[in-house]
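Per-entry structural report
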Amino acid sequence: MSRLLIIFIVFVSVVIRGYGQIITDFKMDSTVHCTGNLVQFTDLSSDIFSQPITGWLWDFGDASVSTDQNPSHAYTTAGVYPVKLTASNGSGNYSKTKSITIRNWPEADFTYTGASEKPFFMLIFYGKVINADAYTYHYSWNFAGDSQLFKNKDTAFYVFPNEGQHQVSFIVEAGLNCTDTATYTIEVRDSLDIPNVFSPNGDGMNDMFEFRTNGVNIYELTIYNRWGAIVYTITSKRPFWDGYSSAGVKMPPGSYFYSVKSADGSGYDKAGVVVLR
């Protein structure tokens, strides 16, 4: 009976040592970081018999080590590193390895162009990462405080509510606490497409002297004859002239002077010549 008990104890001891008492595990605050950022490592190891763990050895994969239970570490060079934790107590040493990706800090930038169609204060924006690597980036835009549009899009368009100066930001995120922002002040002006000739002959083509606007600002259009007398005036968001005077008299063909001014204080002021045929 005693021999059987001894054999059983030896068998249990072999099983315990064969499978180990420690289940080694750990986590990182993020598996993607940038160079210079502190990475927080947290030990999650446990002993299956609830025995205390007495030792920790961290190998961060860049020739740096730590014996703290929950260390932090900053990498100086971009790359993919194997992180190995060895936990130990009286039953032995047990290890686990995970990978962490370290990236260079992103350099955000963007360009922009006017829209192909008027009449809007619309611009198209093209974001980029100057030092882009092969991994994924997360993008966001901020248009004068509006940051809910075009999440994770490096190209965006925006219709500004009015002309003037507007601040636009393009934000690039490469990892935890690893972002860069490019911010520019954009000068938006109402680009009026004003023709220089029209022929009100009823053929449905170029019958009126009109110009497309953004439909927001109010303009005052004044038409003068060659002697400087006012023949027509209108105040509207979309001003036009049909070739008749304000009194309803059809004006003869010839050259007329026009003046376009903003009537709402936005500061637009332009003058020129239009030919009535």
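Look a little higher up for the structure.
Residues numbered from 1 in each chain as written. Predicted model: local features only at pLDDT ≥ 70, side-chain atom pairs only at ≥ 80, totals over all residues. Heavy atoms only, no water.

**Describing the pattern of salt bridges**
Pairs may arise between side chains of opposite charge once their charged atoms sit close together. Enumeration over the complete set of coordinates arrives at 3 salt bridges. With its nearest N and O atoms 3.6 Å apart, the salt bridge here joins Lys96 to Asp25. Of this pair, Lys96 sits in strand 10 (residues 92–103) while Asp25 sits in the loop between strand 1 (22–23) and strand 2 (26–28); the two residues are 71 residues apart in sequence, bridging distant segments of the chain. By relative accessible area, which is 34% here, Lys96 ends up partly exposed. Classification of Asp25 by relative accessible area gives partly exposed; the value is 23%. Here Asp133 ties to Arg103 by a salt bridge, and the two come within 2.7 Å at their closest N and O atoms. Of the two residues, Asp133 is situated in the loop between strand 12 (122–129) and strand 13 (138–143) and Arg103 in strand 10; the sequence distance between them amounts to 30 residues. One continuous salt-bridge network, built from bridges that share partners, spans Asp25, Lys96 and Lys98. (Salt bridge = Lys/Arg side-chain N within 4 Å of Asp/Glu carboxyl O. Helix = DSSP H or I, 4+ residues; strand = E, 2+ residues; numbered from the N terminus. Buried < 20%, exposed > 50% of the residue type's maximum accessible area, 1.4 Å probe, protein only.)

**Here's the deal with the packing of aromatic side chains**
A complete count under the given rule lists 23 aromatic pairs for this structure. Pairing Tyr158 with Phe160 gives two aromatic rings, centres 4.9 Å apart and planes at 80°, and the pair type is edge-to-face. The exposure class of Tyr158 is buried, given its relative accessible area of 12%. When its relative accessible area of 2% is taken as the criterion, Phe160 is described as buried. Relative to Trp241, the ring of Phe198 lies with its centre 5.4 Å away and its plane at 55°, an arrangement referred to as tilted. (Phe/Tyr/Trp six-rings, centres within 6.5 Å; stacked < 30°, edge-to-face > 60°.)

**Observations concerning the pairing of strand 10**
Put simply, side chains in a regular strand alternate between the two faces of the sheet. Where strand 3 (residues 32–34) lies against strand 10, 3 bridges are found, and the strand directions are parallel. Within strand 10, the residue paired with Cys34 across the bridge is Arg103. Pairing analysis gives 11 bridges linking strand 9 (residues 79–89) to strand 10, with the strands arranged antiparallel. Bridging across to strand 10, Leu85 finds its partner in Lys96. In this structure, the hairpin formed by strand 9 and strand 10 is closed by a connection of 2 residues. (Pairing = 2+ DSSP bridges.)

**Considering unusual backbone geometry**
Phi at Asn177 takes a positive value of approximately 55°, unusual for a residue other than glycine. Its location among the elements puts Asn177 in the loop between strand 15 (164–175) and strand 16 (178–188). Positive phi, close to 55°, is recorded for Asn206, a residue that is not glycine. Looking at the secondary structure, you find Asn206 in the loop between strand 17 (197–198) and strand 18 (209–210).

**Some remarks on the sheet that holds strand 2**
Taken in spatial order, the 3 strands make up an open sheet running 2-4-8, and their pairing is antiparallel. If you trace the sheet from one side to the other, it starts and ends with strand 2 and strand 8 (72–74), each paired once. Adjacent strand axes in the sheet meet at a mean angle of 25° when their direction is disregarded. As judged from the 3 bridges shared by strand 4 (residues 38–43) and strand 8, these two strands associate in the antiparallel manner. Directly across from Val39, in strand 8, lies its bridge partner His73. (Axes fitted to C-alpha atoms, helices over the stretch in contact; angles between N-to-C directions.)

**Things to note about the nonpolar core**
Counting residues in hydrophobic clusters, the biggest one holds 22 residues, and the most contacted among them are Phe125, Trp141, Phe143, Phe160 and Val168. Only strand 11 (108–114), strand 12, strand 13, strand 14 (155–159), strand 15 and strand 16 provide two or more residues apiece to this core. (Core = buried A, V, L, I, M, F, W, Y, C linked by side-chain atoms within 4.5 Å.)

**Concerning the environment of Tyr126**
Mapped onto the elements, Tyr126 comes out in strand 12. Linking Tyr126 and Thr111, residues 15 residues apart in sequence, is a C-alpha distance of 5.3 Å. Apart from the residues lying within four places of it in its own chain, the contact partners of Tyr126 are Asp109, Phe110, Thr111, Thr113, Trp141, Asp154 and Thr155. (Contact = heavy atoms within 4.5 Å.)

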